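Read off the chains here:
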Amino acid sequence: MMFRMVPEKIRKSGFLNSLTTKDSFFILAFILVFIRILSYAWCSDDAYHAYVMSANLLAGKGFTPTPGIRVNVSTCPLWTIVVTLGMVVWNDPYAVGMIFNLLFSGISLFMLFRLIYRKEDRFLLFIVVTAVLCTSKTYLSYTTSGLENAQIIMLSSFYLTVLFKNEYFSKKELFKIALLEGLTAFTRMDCALIFALTSAYVFLFRYKKDEKDAAGFSWNKLLQVIPIALAGLSPFILWELFSWFYYGSFVPNTALAKLNTGFPLGDYLLRGVWYGFRSLFFDAALLLLPVSFIIYNLCTNYKNPKMLFVTLGIAMYLVYIIYIGGDFMLGRHFLSLLWTALFLMFMPVEGRQNIPFFCSVVLTAFFYAVFLIPAVQQSYDDYVKENSPCWYADEQEYYYKNTGLIPMLEDYSKNGKLTEITKLRNYGILRFYSGNKDGYEYRLYDPLLVRLPAVRLKRWRVGHMRRKIPDGYKKTLDSGVNHIKDEDLAFYYDKLKFILSGGLLDTERLKETVKFNSGAYEKYLRSYIEKNDLAHPE
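In short, a report on the structure. (Residues numbered from 1 in each chain as written. Predicted model: local features only at pLDDT ≥ 70, side-chain atom pairs only at ≥ 80, totals over all residues. Heavy atoms only, no water.)

Points about the environment of Ile-37
Going by this rule: Helical segments are the DSSP runs of H or I of at least four residues, strand segments are the runs of E of at least two, and each set is numbered from the N terminus. Exposure is judged per residue with a 1.4 Å probe applied to protein chains only, and the accessible area is read against the type maximum: over 50% gives exposed, under 20% gives buried, and values in between give partly exposed. Note on contacts: a residue pair is in contact if any heavy atoms of the two residues lie within 4.5 Å.
Relative to the helices and strands, Ile-37 is located in helix H2 (residues 21-40). Taking the relative accessible area as the measure of exposure, Ile-37 reaches 0% and is therefore buried. Distance in space between the C-alpha atoms of Ile-37 and Cys-134 is 8.0 Å, their sequence separation being 97 residues. When sequence neighbours within four positions are dropped, the list of residues in contact with Ile-37 reads Leu-102, Ser-105, Tyr-139, Leu-140, Thr-143 and Thr-144.

In structure tokens, the structure reads:
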């Protein structure tokens, strides 16, 4: 009955007759979740910051958003490179990003369901996990979005599969661990924190060169595994070296824009806590599952080192998110934690009974979402408006009517071209489609402003801190000639501009890059900050 809608050729082939009940559950659950992902598929404005870089590179203008000035505005370089390679075939970043997002999401979903397929309680678990994923707004929103999240959860799935497949690790298996850790860091540097402790433990204590070799730490083994670690991490290491050589910095402009504000740590911690609190009301299972998993594993699986270190990695990343103030996109940074905890629930670890625990957490989240949140929603919304130090957004809901996959297809079918997305006035999309360069106060693309303290308002939005424009700087940008009035800042800017626009192989430029990164010119920047009273007291 359930296969009547399947094409006749497939039914006559005998394929459906060979399917068992568990096969049918697997296929049906996968299709249901993937349909939900497609119904939410969209592209964020932030994705276009990296897309501008891709388009400029393919146009021969350099791997930068602003031709002539080498600046990195991508926090996800590997993802940006993947999209760039795809654009060689199809020069449409929206389509390429959407295809890779869906592909990577499909691979990770298949790997999760394959784990469940092997469980005795598979039928119940397929139903429960499908319900969790189909109702998780964060999962549905950021398995697409044009950002790197789908790639991160795919790499996490591969990493955990390799990790728990082996009790002890040969050189080949160690290389896989290091490679996946390196690719994760290459995709988004801070996400490597989740598995950093686990990778270190495996390399130091679980290496065996053959069956006769005894496991455990030794200095001789350490010397043997260091080259393996460097080889596996080489994609990330090479990128960092390239970044220093090409952009003059190991970190992207976007990281400086967000974190180099001069604001007290307490401001960030307050917003990080609010981000978690707000995300909990946005997506019931998003934090309940990882936090419950951390507590459960620390209490019951502390004797399993691999499980313990991954659990500590989840906890470390959770603390890190709070430390950096969270984000303005609700739930986004917590997706990797949700996925890692969910994937670990079903890993084949001896002596572990996670299924009752998992089901109890899901039931708690369901009760919380259905009964508690609606009961206090209005009071909560009023409280947030009056007390929240920041405002957060359901980005998918905001952009969907203009960048959603289904609305975009309807738009193209109706008009023969994309019109709705070009109506948006948000900075990334506006810059990509029109080349608009306004927005000096935020200026993610500006290498000087991100190095200045931000304007500390009572309510400031994470990642959207304004900077005060130095006298003469607008004229400098418009004319290409240094008109900055402050002599110290003008000198500092000349050095910075030479590093970012001088000849790549110019030896003087390379010398200045070394001096700049070693802090030789920081005194000029500090002098300007002090003279203009831009520093923020702790």
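Structural notes on helix H25 (residues 522-531)
Counted only if it meets this: Arc, as used here, means the arc of the directions from the helix axis to the C-beta atoms.
Three or more residues of H25 are buried, namely Leu-525, Tyr-528 and Ile-529. Taken end-on, H25 shows its buried residues confined to a sector of 100°, consistent with a single buried face. Exposed side of H25, more than 90 degrees from the buried face: Glu-530 and Lys-531 are the residues found there. Buried residues belonging to H25 abut helix H23 (487-501). Phi for Asp-533, located one or two positions after H25, is positive at around 50°.

Observations regarding the packing of aromatic side chains
Under the convention used in this document: Whether two aromatic rings pair depends on their centres lying within 6.5 Å, for rings of Phe, Tyr and Trp, where Trp uses its six-membered ring; planes under 30 degrees apart make the pair stacked, over 60 edge-to-face, and the rest tilted. Geometrically, a charge over a ring is one whose NZ (Lys) or CZ (Arg) sits within 6 Å of the ring centre while staying within 35 degrees of the ring normal.
As enumerated under the stated definition, the model contains 39 aromatic pairs in all. Plain terms: the ring middles of Trp-274 and Phe-277 are 5.8 Å apart, the flat faces sit at 80° to each other, and that makes the pair edge-to-face. Taken together, the positions of Trp-274 and Phe-277, both in helix H14 (residues 265-282) and 3 residues apart, correspond to about one turn of that helix. Note on Trp-274: relative accessible area 10%, which makes it buried. Here Lys-208 stacks its cationic end above the ring of Tyr-168, 4.6 Å away from the centre of that ring. Over the aromatic face of Phe-245 sits the side chain of Arg-509, whose NZ or CZ is 5.7 Å from the ring centroid.

Side note on the packing of H14 against helix H16 (residues 305-323)
The line we're drawing: Between the N-to-C directions of two axes lies an angle of 0 to 180 degrees, each axis being a line fitted to C-alpha atoms and, for a helix, fitted only over the stretch in contact. Any angle that is under 35 degrees is reported as roughly parallel, and any over 145 degrees as roughly antiparallel; angles of 65 to 115 degrees are reported as roughly perpendicular and all others as oblique.
Two elements in contact, H14 and H16, have axes whose closest approach is 6 Å; the angle formed by their N-to-C orientations is 120°. Regarding the angle of H14 to H16, the classification is oblique. Taking contact as the criterion, the partners of Leu-265, Tyr-268, Leu-269, Gly-272, Val-273 and Tyr-275 in H14 are, on H16, Ile-321, Ile-322 and Tyr-323.

Section: helix H6 (residues 122-135)
As a reminder, the rule being used: A helix is expected to span 1.5 Å for every residue after the first.
With 14 residues, H6 extends 20 Å between its outermost C-alpha atoms, agreeing within 8% with the 20 Å of an ideal straight helix rising 1.5 Å per residue. Every buried residue belonging to H6 is among Arg-122, Leu-125, Phe-126, Val-128, Val-129, Thr-130, Val-132, Leu-133 and Cys-134, and all of these are buried.

Looking at a nonpolar patch on the surface
Put simply, the rule reads: To count toward a patch, a residue needs a relative accessible area over 30% and no salt bridge; like charges are then connected within 9 Å, while nonpolar side chains (Val, Leu, Ile, Met, Phe, Trp, Tyr) are connected within 5 Å. Here the open area of atoms and residues is found with the Shrake-Rupley method and a 1.4 Å probe, where only the protein chains shown may cover a residue. Should a side-chain nitrogen of Lys or Arg be within 4 Å of a carboxyl oxygen of Asp or Glu, the pair is scored as a salt bridge.
A grouping of Leu-223, Ile-226, Leu-230, Ile-237, Leu-238 and Leu-241 is seen on the molecular surface, where their side chains present a nonpolar patch of about 570 Å² in accessible area. Elements with a minimum of two residues in the nonpolar patch: helix H11 (219-232) and helix H12 (234-247). Tracing the chain through its elements places Leu-223 in helix H11. When its relative accessible area of 61% is taken as the criterion, Leu-223 is described as exposed.

A few points about unusual backbone geometry
Phi at Ser-145 takes a positive value of approximately 85°, unusual for a residue other than glycine. Relative to the elements of secondary structure, Ser-145 occurs in the loop between helix H7 (137-142) and helix H8 (149-165). Located in the positive-phi region is Asp-533, a residue other than glycine, with phi close to 50°. Tracing the sequence through the fold places Asp-533 in the segment after H25.

Regarding the nonpolar core
A general feature of soluble globular proteins is that nonpolar side chains tend to end up buried together. For clarity, the threshold we go by: Among the buried residues, those of types Ala, Val, Leu, Ile, Met, Phe, Trp, Tyr and Cys that are joined through side-chain atoms within 4.5 Å form a nonpolar core.
Ranked by size, the top nonpolar core spans 143 residues in total, and within it Leu-112, Phe-113 and Tyr-139 carry the most contacts. When residues in this core are grouped by element, the largest group, 11 residues, is from helix H5 (residues 93-117). Those residues in contact with Leu-112, other than ones at most four positions away along the chain, are Val-129, Leu-133, Trp-339, Leu-342, Phe-343 and Phe-346.

Let's talk about the packing of H23 against H25
Helix packing geometry: the angle between the two helix axes and the distance between the axes. Going by this rule: By convention the crossing between two helices is left-handed if the near helix lies anticlockwise of the far one by an angle smaller than a right angle, and right-handed if it lies clockwise. Residue classes follow a fixed rule: Ala, Val, Leu, Ile, Met, Phe, Trp, Tyr, Cys and Pro count as nonpolar, while Asp, Glu, Lys and Arg count as charged, and any other residue, Gly among them, counts as polar.
Where H23 meets H25, the axes come as close as 8 Å, and the angle between the chain directions of the two elements is 145°. At the point where H23 passes H25, the crossing takes the left-handed sense. Here Asp-488, Leu-489, Phe-491 and Tyr-492 of H23 lie close against H25, whose contacting residues are Glu-522, Tyr-524, Leu-525, Ser-527, Tyr-528 and Lys-531. Looking at the contact of H23 with H25 residue by residue, the class counts come to 6 nonpolar, 1 polar and 3 charged.

Observations concerning the pattern of salt bridges
The tally for this structure, following the rule as stated, stands at 12 salt bridges. Measuring nitrogen to oxygen at the nearest pair gives 2.5 Å for the salt bridge that ties Lys-137 to Asp-394. Of this pair, Lys-137 sits in helix H7 while Asp-394 sits in the loop between helix H18 (355-387) and helix H19 (395-403); the two residues are 257 residues apart in sequence, bridging distant segments of the chain. Here Lys-137 matches Asp-394 in class, with each residue buried. Ionic pairing is found between Arg-461 and Glu-395, a salt bridge with its closest N-O pair at 3.9 Å. Residue Arg-461 is located in the loop between helix H21 (427-434) and helix H22 (473-479), and its partner Glu-395 is located in helix H19; the two are separated by 66 residues in the primary sequence.

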